[in-house]
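Here's the letter readout for the chains.
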Amino acid sequence: MKKDETIEGLIIDVARLDRDGEYFDGEIPIEALDHDMDDFLFKPTSGLRYHLFVQLLGDELLVQGSIEEDFSCMCVRCTEYFPWTAEDLEVAFSLEVQENSFMDLTNELRECIILCFPSNPICQEDCKGLCPQCGTDLNKAPCSCKPADDDRWGGLDGFRTE
């Protein structure tokens, strides 16, 4: 049995769930995900898309499948925003079924996406970043700043090399 839904969150009616499990495909809107909108590194640009198989095993709800969501990320080197898709192709978790027969999976799915975030997002592997002296984006243009003197090894200059 296949269900296609776009709703405010993903809520499973456990009492009506097929005993062999069911597939759920759809998208949870950005508004229902309760992302921290003050985060300047990751700004969501789409809802969370999911393809999940949900099955009741004893008193636990087993959830398996894949999820993805689009973001605008700020590069930690050059501070430019770039598009990025967070995806988890192997989502798997279980929840203990409470007395209420409705289980909201929205928070667990949001947490799975957050775990995909890189700690230091970069726009491209060879990003040159910003000049530490004048702030010019070195990916767009070179700057005329003189490289800073690095005298960390200066104490070794007096040693002989024979």
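Attention in this report is confined to the structure presented alongside it. What you are looking at is a predicted structure, and each value in this text was computed from that prediction instead of being measured. (Residues numbered from 1 in each chain as written. Predicted model: local features only at pLDDT ≥ 70, side-chain atom pairs only at ≥ 80, totals over all residues. Heavy atoms only, no water.)

### Here we look at the pattern of salt bridges
Any two side chains of opposite charge can pair, so long as their charged atoms come close to each other. What counts is decided by this rule: The working definition used for a salt bridge is a side-chain nitrogen of Lys or Arg within 4 Å of a carboxyl oxygen of Asp or Glu. Between buried and exposed lies partly exposed: a residue is buried under 20% and exposed over 50% of the maximum accessible area for its type, with that area taken using a 1.4 Å probe on protein chains only.
Taken as a whole and assessed by the stated rule, the structure comprises four salt bridges. Glu111 serves as the salt-bridge partner of Arg110, at 3.2 Å between the closest nitrogen and oxygen. Look at Arg110 and you get buried, because its relative accessible area is 12%. Note on Glu111: relative accessible area 39%, which makes it partly exposed.

### Overview of a nonpolar patch on the surface
As a reminder of what qualifies: Patch construction takes residues with relative accessible area above 30% that form no salt bridge. Like charges are linked within 9 Å, and nonpolar side chains (Val, Leu, Ile, Met, Phe, Trp, Tyr) are linked within 5 Å. Only the protein chains shown count as covering a residue, and every accessible area follows the Shrake-Rupley method with a 1.4 Å probe. A run of DSSP states H or I qualifies as a helix once it reaches four residues; a run of E qualifies as a strand once it reaches two. Both are numbered from the N-terminal end.
Residues Trp153, Leu156 and Phe159 make up a contiguous nonpolar surface patch of about 400 Å² in total accessible area. Tracing the sequence through the fold places Phe159 in the segment after α2 (106-114).

### Considerations on the pairing of strand β5 (residues 48-57)
Selection criterion: Pairing between strands requires that DSSP locate at least two bridges from one strand to the other.
Summarising the sheet, strand β3 (residues 22-28) and β5 pair through seven bridges and their orientation is antiparallel. What sits directly across from Glu27, in β5, is Arg49. Strand direction decides the pairing type here: β5 and strand β6 (residues 60-74), joined by nine bridges, are antiparallel. Across the sheet, residue Phe53 finds its bridge partner in β6, namely Gln64. Hairpin connection between β5 and β6: a loop of two residues separates the two successive antiparallel strands, and Gly58 in this loop has a positive phi of roughly 65°.

### Quick word on unusual backbone geometry
Backbone geometry places Thr79, a non-glycine residue, at a positive phi of 65°. The topology assignment puts Thr79 in the loop between β6 and β7 (81-96). The class for Thr79 is partly exposed, based on a relative accessible area of 38%.

### As for the state of the cysteines
Under the convention used in this document: The term disulfide is used for any two cysteine sulfur atoms that are within 2.5 Å.
Across all of its chains, the model carries zero disulfides by this definition. Not engaged in a disulfide, the cysteine Cys116 finds its nearest cysteine sulfur in Cys112; these two sulfurs lie 7.6 Å apart. Of the cysteine sulfurs around Cys131, a residue in no disulfide, the closest is that of Cys143, at 3.5 Å.

### Some points on the side chain of Thr106
Stated precisely, the cut-off is as follows: Pairs of N or O atoms within 3.5 Å make up the polar contacts considered here, provided that, within protein, one atom can donate a hydrogen while the other can accept it, and that residues adjacent in sequence are counted only when both atoms are side-chain atoms. Contacts are assigned to residue pairs that have any heavy atoms within 4.5 Å of one another.
With respect to the helices and strands, Thr106 occurs in helix α2. A polar atom in the side chain of Thr106 sits 2.6 Å from the side chain of Asp104. Aside from chain neighbours lying at most four places away, what touches Thr106 is Gly9, Leu10, Ile28, Ala32 and Leu33.

### Some remarks on the nonpolar core
Where we set the bar: What we call a nonpolar core is a set of buried Ala, Val, Leu, Ile, Met, Phe, Trp, Tyr and Cys residues that are connected through their side-chain atoms within 4.5 Å.
Leu10, Val54, Leu61, Ile67, Leu105 and Leu109 are the most contacted members of the largest nonpolar core, which has 33 residues in total. Residue assignment for this core shows that the elements contributing at least two residues are β3, β5, β6, β7 and α2. The element that contributes the greatest number of residues to this core is β6, accounting for six residues. Apart from the residues lying within four places of it in its own chain, the contact partners of Val54 are Ile12, Leu17, Gly21, Glu22, Phe24, Leu61, Leu62, Val63 and Leu105.

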